Amino acid sequence: MMGDKKEREYFVQYDRSISSYLCKMLLYMSLSGPAIAIATAAGFFHMNIYQVIIIVVVVMFACLSPCALEKSGVSSSFLKYYIVFIISTLVCVIAMIPHVGIWITFILGVALSMLFLDRLLTAAVSIYSYALMLIAMYVRVERWCAAGSLIADRQYDVMTNYIGYAAGLTIEFLLVCPVFMMAVKIEREHLSNAENLPELM
């Protein structure tokens, strides 16, 4: 079993390594900003120019700011929280775009938080992602009802439709997030008890 100091040093370097990989992933995800603008101009998304500008700016900021923070040398602890929270925020913003069907992606931030093997981080981002999901779903259900969409039950009002969708997604979160946290706990304990630590990539 490794000593406490060695363990702390290892996981600080581990966090930096994972953060670096996620920053590279976010650079790739930044392409979604121009893609949203092009898709709207082509008539696939029904938004006005002001909505498009706001969404594209938010997307680009969410994707590029972690890279800037990494270059500035902020602490690994702050950076890992910032990255997974900003990814969850990004998913929420994209989910509110008309005609974008996001369901399973609501847990993207939670899933990526597992890479850091930090149960507190996974718990915090689970709560944050759940709250953002409820907000995004209300916006979507309101639009469905206003448009008379078949996705919303037309005999019920916005809130009644919303409660049904929110209840279903709440059950999913309550089933999935504890499993994620248990997986993080098991892997963290496995590494902490290892005689020889695996090399960082």
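That block above? That's the structure.
Cut-offs applied
Residues numbered from 1 in each chain as written. Predicted model: local features only at pLDDT ≥ 70, side-chain atom pairs only at ≥ 80, totals over all residues. Heavy atoms only, no water. Helix = DSSP H or I, 4+ residues; strand = E, 2+ residues; numbered from the N terminus. Buried < 20%, exposed > 50% of the residue type's maximum accessible area, 1.4 Å probe, protein only. Contact = heavy atoms within 4.5 Å. Areas by Shrake-Rupley, 256 points an atom, 1.4 Å probe, with all protein chains shown as cover. Phe/Tyr/Trp six-rings, centres within 6.5 Å; stacked < 30°, edge-to-face > 60°. Expected span 1.5 Å × (residues − 1). Patch = residues over 30% accessible without salt bridge, like charges linked within 9 Å, V, L, I, M, F, W, Y side chains within 5 Å. Salt bridge = Lys/Arg side-chain N within 4 Å of Asp/Glu carboxyl O. 1 Å grid on protein atoms, 1.4 Å probe; cavity = no way out; pocket = protein on both sides within 12 Å on 5 of 7 lines; lining within 4 Å. Points joined across faces, edges and corners; volume = space filled by probe spheres on them. Nonpolar A, V, L, I, M, F, W, Y, C, P; charged D, E, K, R; others polar. Disulfide = S-S within 2.5 Å. Axes fitted to C-alpha atoms, helices over the stretch in contact; angles between N-to-C directions. Parallel < 35°, antiparallel > 145°, perpendicular 65-115°, else oblique. Left-handed = near helix turned anticlockwise from the far one by under 90°.

### Looking at the overall build of the chain
Move 1: Broken down by element type, the chain carries seven helices and zero strands.
Move 2: From first element to last, N terminus to C terminus, the chain shows the α and β order α-α-α-α-α-α-α.
Move 3: Burial analysis of the chain (201 residues in total) assigns 41% to the buried set.
Move 4: Pairs at least 24 residues apart make up 73% of the contacts formed inside the chain by residues separated by at least 6 positions.
Move 5: Counting only carbon and sulfur atoms, one obtains 69% of the accessible surface of the chain, whose full area is about 11200 Å².

### Points about unusual backbone geometry
Trans is the prevailing form of peptide bonds, just as negative phi is the prevailing case for residues other than glycine.
Move 1: A positive phi angle, near 55°, is found at Leu 117, a position not held by glycine.
Move 2: Within the element layout of this structure, Leu 117 appears in the loop between α5 (108–113) and α6 (119–147).
Move 3: On the basis of relative accessible area, Leu 117 is assigned to the buried category, the value being 8%.

### A closer look at the packing of aromatic side chains
Move 1: By the definition in use, this model includes eight aromatic pairs.
Move 2: Where Phe 78 meets Tyr 82, the ring centres are 6.0 Å apart and the plane angle is 25°; that geometry is what we call stacked. Residue Phe 78 and its partner Tyr 82 are located together in helix α4 (residues 76–95), separated by four residues, close to a single helical turn.
Move 3: Seen in terms of ring centroids, Tyr 81 and Phe 85 are 6.3 Å apart; in terms of plane orientation they differ by 25°. Their pairing is stacked. Taken together, the positions of Tyr 81 and Phe 85, both in helix α4 and four residues apart, correspond to about one turn of that helix.

### Observations concerning helix α1 (residues 4–29)
Move 1: The terminal C-alpha atoms of α1, which comprises 26 residues, lie 37 Å apart, in line with the 38 Å expected from a rise of 1.5 Å per residue.
Move 2: For α1, the set of buried residues is Glu 7, Tyr 10, Phe 11, Tyr 14, Asp 15, Ser 17, Ile 18, Ser 19, Leu 22, Cys 23 and Leu 26.
Move 3: Those residues of α1 hidden inside the fold are in contact with α3 (49–72), α4, α5 and α7 (158–192).

### Quick look at a nonpolar patch on the surface
Move 1: There is a patch of nonpolar side chains on the surface, built from Ile 49, Tyr 50, Ile 53 and Val 57 and spanning about 450 Å² of accessible area.
Move 2: Considering the arrangement of structural elements, one finds Ile 53 in helix α3.

### Focus: empty space enclosed by the protein
Move 1: A full pass over the atoms with the stated rule returns one cavity of 30 Å³ or more.
Move 2: Space inside the largest cavity adds up to approximately 30 Å³.
Move 3: If you go around the largest cavity, the residues you meet are Ser 88, Val 91, Cys 92, Phe 106, Ser 129, Leu 132 and Met 133.
Move 4: Of all elements in the fold, only α4 and α6 reach the threshold of two or more residues within the lining of the largest cavity.
Move 5: Broken down by class, the residue content of the lining of the largest cavity amounts to five nonpolar, two polar and no charged.

### As for the state of the cysteines
Move 1: Under the defined criterion, the tally for this structure stands at zero disulfides.
Move 2: Cysteine Cys 63 remains unbridged, with the sulfur of Cys 67 as its closest cysteine sulfur at 8.4 Å.
Move 3: Taking the relative accessible area as the measure of exposure, Cys 63 reaches 0% and is therefore buried.
Move 4: We note that Cys 67 lacks a disulfide partner, and the nearest cysteine sulfur, in Cys 23, lies 4.5 Å from it.

### Brief notes about the packing of α1 against α4
Move 1: Where α1 meets α4, the axes come as close as 9 Å, and the angle between the chain directions of the two elements is 30°. The pairing of α1 with α4 is recorded here as roughly parallel in orientation. The element α1 and its partner α4 pack so that their crossing is left-handed. Of the residues in α4, those touching α1 at Val 12, Asp 15, Arg 16, Ser 19, Leu 22, Cys 23, Met 25, Leu 26 and Met 29 are Ser 76, Leu 79, Lys 80, Ile 83, Ile 87 and Leu 90.
Move 2: Taken together, the residues of the contact of α1 with α4 sort by class into ten nonpolar, two polar and three charged.

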